[in-house]
Amino acid sequence: MNGRGDSETSGIPEEDVVDPAEDARRARWTAAGAGALLALAGLAASTLRLAGSAPALVPAAYAFGAAVCALASVLGSRGRTRRALWLLIVGVMVMALGDQFD
């Protein structure tokens, strides 16, 4: 090789290399934010369905899904992002099941 001894050999520009701690921080904020947003949406849907003429199972499913998403938000903020993302999927599936009963 004709380059300097400290030159790049991986082919990735130095400005594109991402710090693993920054990736973890971004994943925590994403999981926490998505969980909080889905929890608020589930609570709003539960409140709207409770005020309407829907069967009791519908607002309960929305509320339970919102609770699962809120738990995912807490887990995401503590760094348990993989568990948080799986709980977000489960929470949205429960809310979708409540929507099917509507």
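Residues numbered from 1 in each chain as written. Predicted model: local features only at pLDDT ≥ 70, side-chain atom pairs only at ≥ 80, totals over all residues. Heavy atoms only, no water.

(A) Spatial organisation of the pattern of salt bridges. Counting across every chain of the model gives two salt bridges. Where Glu 22 meets Arg 26, a salt bridge forms, and the shortest distance between an N and an O atom there is 2.8 Å. Residue Glu 22 and its partner Arg 26 are located together in helix α1 (residues 20–51), separated by four residues, close to a single helical turn. Overall, the relative accessible area of 45% leaves Arg 26 in the partly exposed class. Salt-bridge contacts for Asp 23 lead to Arg 26; the nearest nitrogen and oxygen are separated by 3.5 Å. Of this pair, Asp 23 and Arg 26 both sit in helix α1, three residues apart, roughly one helical turn. Three or more residues are tied together by salt bridges with common partners; here these are Glu 22, Asp 23 and Arg 26. (Salt bridge = Lys/Arg side-chain N within 4 Å of Asp/Glu carboxyl O. Helix = DSSP H or I, 4+ residues; strand = E, 2+ residues; numbered from the N terminus. Buried < 20%, exposed > 50% of the residue type's maximum accessible area, 1.4 Å probe, protein only.)

(B) View of the nonpolar core. Counting residues in each nonpolar core, the largest one holds 10 residues, listed as Ala 31, Ala 39, Ala 45, Val 58, Tyr 62, Cys 69, Ala 72, Ala 84, Leu 88 and Met 95. Elements with a contribution of two residues or more to this core: α1, α2 (57–77) and α3 (81–100). Counting residues per element, this core draws most heavily on α2, which supplies four residues. Dropping the residues within four chain positions of it, Val 58 is found in contact with Arg 49, Gly 98, Phe 101 and Asp 102. (Core = buried A, V, L, I, M, F, W, Y, C linked by side-chain atoms within 4.5 Å. Contact = heavy atoms within 4.5 Å.)

(C) Broad picture of the packing of α1 against α3. It is the contact of α1 with α3, at a shortest axis distance of 10 Å, that shows an interaxial angle of 20 degrees. Taken together, the axis directions place α1 and α3 in an arrangement best described as roughly parallel. Where α1 crosses over α3, the two elements pack in a sense that is left-handed. Contacts between α1 and α3 involve Ala 27, Arg 28, Ala 31, Ala 34, Gly 35, Leu 38, Gly 42 and Arg 49 from the former and Thr 81, Ala 84, Leu 88, Val 92, Met 95 and Asp 99 from the latter. Taken together, the residues that form the contact of α1 with α3 break down as eight nonpolar, three polar and three charged. (Axes fitted to C-alpha atoms, helices over the stretch in contact; angles between N-to-C directions. Parallel < 35°, antiparallel > 145°, perpendicular 65-115°, else oblique. Left-handed = near helix turned anticlockwise from the far one by under 90°. Nonpolar A, V, L, I, M, F, W, Y, C, P; charged D, E, K, R; others polar.)

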